[in-house]
Amino acid sequence: MEDEDAVLLAAVCEGSERAFNRLIDRNQQAVRNFLRGIAGPDEADDIAQETFLAAWTHARSWRGGASVKAWLFSIAWKKAKGAQRGWFRRRARDTAWAEASEEQSVEASGETRHALRQALAALSMDQRAAVMLCLAYGFTHDEAAETLHIPLGTVKSHVLRGREKLREVLGDEA
Amino acid sequence: MSEDIDERLGRLLREDAPSDRSALFRLGVLEHRERQRFRTRSIALAVAALVLAAIVGIGFNAGIDLFATAAIAILCALLALAFLVSAPGVALLLRRLRGAGRN
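Along each chain, residue indices are assigned from 1 in the same order as the chain's sequence is written. The lettering of chains begins at A and the numbering of ligands begins at 1, in the order of writing. Only residues with pLDDT of at least 70 are given local features in this predicted model, and only at 80 or more are side-chain atom pairs given and counted; all residues enter the totals for whole chains, interfaces and linings. Water and hydrogen atoms were dropped before computing side-chain values, which therefore reflect all heavy atoms in the structure.

Caption draft 1: Summary view of the interface of chain A and chain B. Note on definitions: a residue-residue contact is assigned when non-hydrogen atoms from the two residues lie within 4.5 Å. Between chain A and chain B, the residue contacts involve 36 residues of the former and 29 residues of the latter. Here the quantity called buried area is the total loss of accessible area, with a 1.4 Å probe, experienced by two parts when brought into contact, counted for both. Summing the contributions of chain A and of chain B, the shared interface buries around 3,200 Å²; its carbon and sulfur component is 56%. Each reported salt bridge corresponds to a side-chain nitrogen of Lys or Arg within 4 Å of a carboxyl oxygen of Asp or Glu. Our count for the chain A to chain B interface comes out at six salt bridges. Where helices and strands are cited, they refer to DSSP runs of H or I of at least four residues and of E of at least two residues respectively, numbered from the N terminus. Taken together, the elements giving at least two residues each to the side of chain A that touches chain B come down to helix H2 (17-39), helix H3 (41-57), helix H6 (111-122), helix H7 (125-136) and helix H9 (152-173) of chain A. The leading source of residues in the side of chain A that touches chain B is H2(A), at 11 residues. When its residues are assigned to classes, the side of chain A that touches chain B shows 16 nonpolar, seven polar and 13 charged. As a working rule, the residues Ala, Val, Leu, Ile, Met, Phe, Trp, Tyr, Cys and Pro are called nonpolar, Asp, Glu, Lys and Arg charged, and the rest polar, with Gly in that last group.

Caption draft 2: Highlighting the packing of H2(A) against helix H4 (residues 68-84) of chain A. Residues and elements named next belong to chain A. Helix axes use the C-alpha atoms of the stretch in contact, all axes being lines fitted to C-alpha atoms, and the angles between their N-to-C directions lie in the range 0 to 180 degrees. Orientation of H2 relative to H4, taken along the N-to-C sense of each, is 45°, at an axis distance of 10 Å. Considering their axes alone, H2 and H4 lie oblique with respect to each other. Judged by the sense of rotation from one axis to the other, the crossing of H2 with H4 is right-handed. Here Leu 23, Asn 27, Ala 30, Val 31, Phe 34, Leu 35 and Ile 38 of H2 lie close against H4, whose contacting residues are Val 68, Lys 69, Leu 72, Phe 73, Ala 76, Trp 77 and Ala 80. Working rule for angles: under 35 degrees goes down as roughly parallel, over 145 as roughly antiparallel, 65 to 115 as roughly perpendicular, anything else as oblique. Each crossing gets its hand from how the near helix is turned against the far one by less than a right angle, where anticlockwise is left-handed and clockwise is right-handed.

Caption draft 3: Broad picture of the environment of Ser74(A). Residue and element names in this part refer to chain A. Following the sequence through the fold, Ser 74 ends up in helix H4. Expressed as a C-alpha distance, the spacing of Ser 74 and Trp 56, which sit 18 residues apart in the sequence, is 14 Å. Look past the residues within four positions of Ser 74 in its chain and what remains in contact with it is Thr 147 and His 149. A polar atom in the side chain of Ser 74 sits 3.5 Å from the side chain of His 149. Polar contacts, as counted here, are pairs of nitrogen or oxygen atoms within 3.5 Å of one another; within protein the pair requires one atom able to donate a hydrogen and one able to accept it, and residues that are adjacent in sequence qualify only if both atoms are side-chain atoms.

Coordinates in, geometry out; function isn't part of it.
Written out as structure tokens, the structure reads:
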């Protein structure tokens, strides 16, 4: 499966629109979900679009070391951090996201998922990213550290702390 | 037990993912890309127009006659156009030659 992404990316480097469309189809769900976890549902799709646009423009920068998915997540992470930099935007976004998480309490999603979203929203952005990569997408700590460009020890600490907070939610539900 | 909870966490974190296939999202990306291309082309055209205007202005001020100035401006424009049209092909050829050289 990962080989197909590599083949598609090589075709994108040659300017293949078809390969680019296929690459988007294969990876959009994971990238968008990752961004929903770290940047909130309102911003996620915009940042995801910018991510794939950057992938098209800079396809040649993929060196083949990490997986294509990890490379896409790395771009998504940089875009999300860039979007977060404006202080006022950050305050407004975090507040809106926390409020939206509360407002969605009685939607179709269960209470557990709602509580989990709230717990995730309460973590720092770096912690959310580490948790999403390692717990949701099965990245090893090394892979997550490489993708997020943060030290391995920091990733381990983030995952440990994030896992504890999220487990409290499941612990209450068990 | 600890692994079960981690698996459950992973599953819950993935459960809110958007749908597996989203033509709408893909169209959004392509639209975004076309807007970016349009912006780049517009800026390039604006810069080209300014450069041509500068050439004509300088030529005029330097006392070169209008016909010669216009000829110089058109020549510059044609050279720039030739460069823009051929640059991607040249770049692709160079990459292939480099790749062949490495092999």
